[in-house]
Amino acid sequence: MEHIAVSIIDALSAHHVSPQIINFIIAMIPLLELRGSILVAGGALGLPFIQTYITAVLGNMLPIPFILLFIEKIFAFMKRAKHLRGIPDFFESRAMKKSDQIAKYGYLGLFLFVAIPLPGTGAWTGSLLAVLLGLDRKKSLLFIFFGVLTAGLIMSMISYGVIQTIIGLIN
């Protein structure tokens, strides 16, 4: 995962893309999402806290309405194409393995699933689970948004707290 972020930073930096845009793009990428972008922006990109937080939240949230609205149609199309059939099956089964919390607690579970920055959780998987479990898309978008805001604060505190501690030790 780290090598993906490093490759993205190198490629975009070579084209003189601003650190804020790099942070925004990393936040949109599945698996990396907001968690990876905040760690990268606070460390490798050296962005200030508020810029990092805002661009990471916006980047992470941009694909979410599209996932909530179109993932069923995209997966249905892929399932009809012989060579693509396994892709939606893989993502659906992988997501459903993590669905207990959301199935049990509903929208609060969805919020917690997105908000607590653990491997395999986040806005992308939360959106897919909301659709697979038949949750209301507008409500899901709201709870996912609050989850992203919370995850961003948690990751920022971790990232910037650690960075500030290291800088303080060096000085």
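In this report, the structure presented in the accompanying data block is examined. (Residues numbered from 1 in each chain as written. Predicted model: local features only at pLDDT ≥ 70, side-chain atom pairs only at ≥ 80, totals over all residues. Heavy atoms only, no water.)

## A word on the pattern of salt bridges
Okay, so step 1: Applying the stated criterion across every chain yields a total of two salt bridges.
Okay, so step 2: Note that Glu72 is salt-bridged to Arg137, the shortest N-O span being 2.5 Å. Separated by 65 residues along the polypeptide, Glu72 in helix α5 (residues 64–80) and Arg137 in helix α10 (residues 137–170) bring together distant segments of the chain.
Okay, so step 3: Residue Arg137 is classed as partly exposed on the basis of its relative accessible area of 30%.
Okay, so step 4: Salt-bridge contacts for Glu92 lead to Lys79; the nearest nitrogen and oxygen are separated by 3.0 Å. On the criterion of sequence distance, the pair formed by Glu92 in helix α6 (residues 86–96) and Lys79 in helix α5 is long-range, its members being 13 residues apart. (Salt bridge = Lys/Arg side-chain N within 4 Å of Asp/Glu carboxyl O. Helix = DSSP H or I, 4+ residues; strand = E, 2+ residues; numbered from the N terminus. Buried < 20%, exposed > 50% of the residue type's maximum accessible area, 1.4 Å probe, protein only.)

## A short note on the packing of helix α3 (residues 33–43) against helix α4 (residues 49–61)
Okay, so step 1: At a closest axis distance of 9 Å, the pairing of α3 and α4 adopts a crossing angle of 150°. It follows from the interaxial angle that α3 and α4 lie roughly antiparallel. Handedness of the α3/α4 crossing: right-handed. In this structure, α3 contributes Glu33, Leu34, Ser37, Ile38, Ala41 and Gly42 to the contact, and α4 contributes Thr52, Ala56, Val57 and Asn60.
Okay, so step 2: Classifying every residue of the contact of α3 with α4 gives five nonpolar, four polar and one charged. (Axes fitted to C-alpha atoms, helices over the stretch in contact; angles between N-to-C directions. Parallel < 35°, antiparallel > 145°, perpendicular 65-115°, else oblique. Left-handed = near helix turned anticlockwise from the far one by under 90°. Contact = heavy atoms within 4.5 Å. Nonpolar A, V, L, I, M, F, W, Y, C, P; charged D, E, K, R; others polar.)

Just geometry here; none of it tells us what the structure is for.
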